[in-house]
Amino acid sequence: MARGDSGGFQAGQSGLIVRIPEAEPAVRAWRERLDPSARAGVPAHVTVLFPFLDKSRIDEGALTAIGEVIGRHCPFEARFEHCGRFPGILHLVPEPDLPFRRLTEAVADRWPETPPFGGQFDEVVPHLTIAQGQDDAVLDEVEADLRSRLPVTARVSSVDLMVHDGTRWHQRASFALR
């Protein structure tokens with residue numbers, strides 16, 4: 001759940017993520033240093049939808065609906081073999097990325113008032129953020145280190161709902177892929 005701005009998050013914000021625990025050994029130290037979401041409690045992940053519903057809108061009906069939308073998708077494997085970049089951001093590229101795109105599209109179609117990344121981008125590119133807000137020299141250093149730690153293969157079988165309490169992110173629920 002990377003932010004393109006100062007990295008600040010607000011109490012009550014939520015997001016849907018796919019945890020990638022298999023990537024933690026390779027990326028944890030860099031993320032804790034260079035990714036504000038990691039310092040706020042978000043594990044290595046690919047974002048499905050952020051920002052999502054405000055905490056005040058997440059009741060039992062919403063949880064059931066999220067589970068239904070996520071449950072229409074099958075588990076899959078993703079491989080992270082190389083890094084990619086956005087301006088000031090280094091990330092791992094999932095292959096294939098289509099299953100992540102389909103999850104994002106399904107949730108955004110069900111809740112059109114919550115466009116991915118607030119509608120900032122014309123195209124949503126699935127990725128696992130490692131560092132953000134850094135100059136190219138720092139990103140080059142991180143990428144060089146990560147080359148020896150890749151590839152990482154992950155089995156994706158669930159999507160987690162994360163909610164921010166004003167200081168940290170916490171998992172509120174987890175939804176299994178069918």
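You'll find the structure just up there.
Residues numbered from 1 in each chain as written. Predicted model: local features only at pLDDT ≥ 70, side-chain atom pairs only at ≥ 80, totals over all residues. Heavy atoms only, no water.

Quick word on the overall build of the protein chain
Turning to step 1, where the next piece is worked out: Helices and strands together make up the secondary structure of the protein chain, namely five helices and eight strands.
Turning to step 2, where the next piece is worked out: For the protein chain, the sequential pattern of α-helices and β-strands runs β-α-α-β-α-β-β-α-β-α-β-β-β.
Turning to step 3, where the next piece is worked out: Over its C-alpha trace the protein chain gives a radius of gyration of 15 Å, about what one expects of a compact globule, namely 16 Å for 178 residues.
Turning to step 4, where the next piece is worked out: Along the three orthogonal principal directions, the C-alpha set of the protein chain runs to about 45 × 35 × 30 Å. (Helix = DSSP H or I, 4+ residues; strand = E, 2+ residues; numbered from the N terminus. Rg over C-alpha atoms; globule rule 2.2 N^0.38 Å.)

Details of the pattern of salt bridges
Turning to step 1, where the next piece is worked out: Going through the model one piece at a time under the given rule, you end up with 12 salt bridges.
Turning to step 2, where the next piece is worked out: Between Glu81 and Arg79 there is a salt bridge, with its nearest N and O atoms 2.6 Å apart. (Salt bridge = Lys/Arg side-chain N within 4 Å of Asp/Glu carboxyl O.)

Notes on the packing of helix H1 (residues 24–34) against helix H5 (residues 136–147)
Turning to step 1, where the next piece is worked out: Relative to each other, H1 and H5 sit at 165°, their axes nearing to 10 Å. Between H1 and H5, the crossing angle belongs to the class labelled roughly antiparallel. The two elements H1 and H5 cross, and the hand of that crossing is right-handed. Taken together, the residues of H5 that come into contact with H1 (itself represented by Ala26, Val27, Trp30 and Leu34) are Val138, Glu141, Val142, Asp145 and Leu146.
Turning to step 2, where the next piece is worked out: Residues of the contact of H1 with H5, tallied by class, amount to seven nonpolar, no polar and two charged. (Axes fitted to C-alpha atoms, helices over the stretch in contact; angles between N-to-C directions. Parallel < 35°, antiparallel > 145°, perpendicular 65-115°, else oblique. Left-handed = near helix turned anticlockwise from the far one by under 90°. Contact = heavy atoms within 4.5 Å. Nonpolar A, V, L, I, M, F, W, Y, C, P; charged D, E, K, R; others polar.)

Focus on the sheet that holds strand E3 (residues 76–86)
Note on sheets: strands pair through backbone hydrogen bonds, and any given pair is parallel or antiparallel.
Turning to step 1, where the next piece is worked out: Ordered by their spatial adjacency, four strands build an open sheet running E5-E4-E3-E6, and the pairing between neighbours is antiparallel. Sheet topology places strand E5 (128–132) and strand E6 (152–156) at the edges, where each strand pairs with a single neighbour. Geometrically, the sheet is characterised by an average inter-axis angle of 30° between neighbouring strands, direction not taken into account.
Turning to step 2, where the next piece is worked out: The sheet contacts of helix H4 (residues 98–110) involve E3, strand E4 (89–95) and E6, and relative to E3 the element is tilted by about 90°. (Pairing = 2+ DSSP bridges.)

So, the sheet that holds strand E7 (residues 158–164)
Turning to step 1, where the next piece is worked out: Spatial strand order, E2-E1-E7-E8: four strands in an open sheet with antiparallel pairing. A strand with exactly one partner marks an edge of an open sheet, and here the two such strands are strand E2 (45–49) and strand E8 (169–176). If you compare each strand with its neighbour and ignore which way they point, the axes differ by 35° on average.
Turning to step 2, where the next piece is worked out: Direction of pairing for E7 relative to E8: antiparallel, over a ladder of seven bridges. Residue Val159 lies in a different strand from E8, and its bridge partner there is Phe175.
Turning to step 3, where the next piece is worked out: Against the sheet, helix H3 (residues 60–70) touches strand E1 (14–19), E7 and E8, its axis set at about 55° to E8.
Turning to step 4, where the next piece is worked out: Packing against the sheet, H4 makes contact with E1, E2 and E7, and its axis sits at approximately 30° to E2.

Some words on H4
In an α-helix, one turn spans 3.6 residues, which is why side chains three or four residues apart end up on the same side.
Turning to step 1, where the next piece is worked out: Its 13 residues place the ends of H4 18 Å apart at the C-alpha level, agreeing with the 18 Å of an ideal helix rising 1.5 Å per residue.
Turning to step 2, where the next piece is worked out: Looking only at H4, the buried set comprises Phe100, Arg101, Leu103, Thr104, Val107 and Ala108. Along the long axis of H4, the arc covered by the buried residues comes to 160°, so they all point the same way. (Expected span 1.5 Å × (residues − 1). Buried < 20%, exposed > 50% of the residue type's maximum accessible area, 1.4 Å probe, protein only. Arc of directions from axis to C-beta.)

Everything listed here is a matter of coordinates, which is why it stays silent on function.
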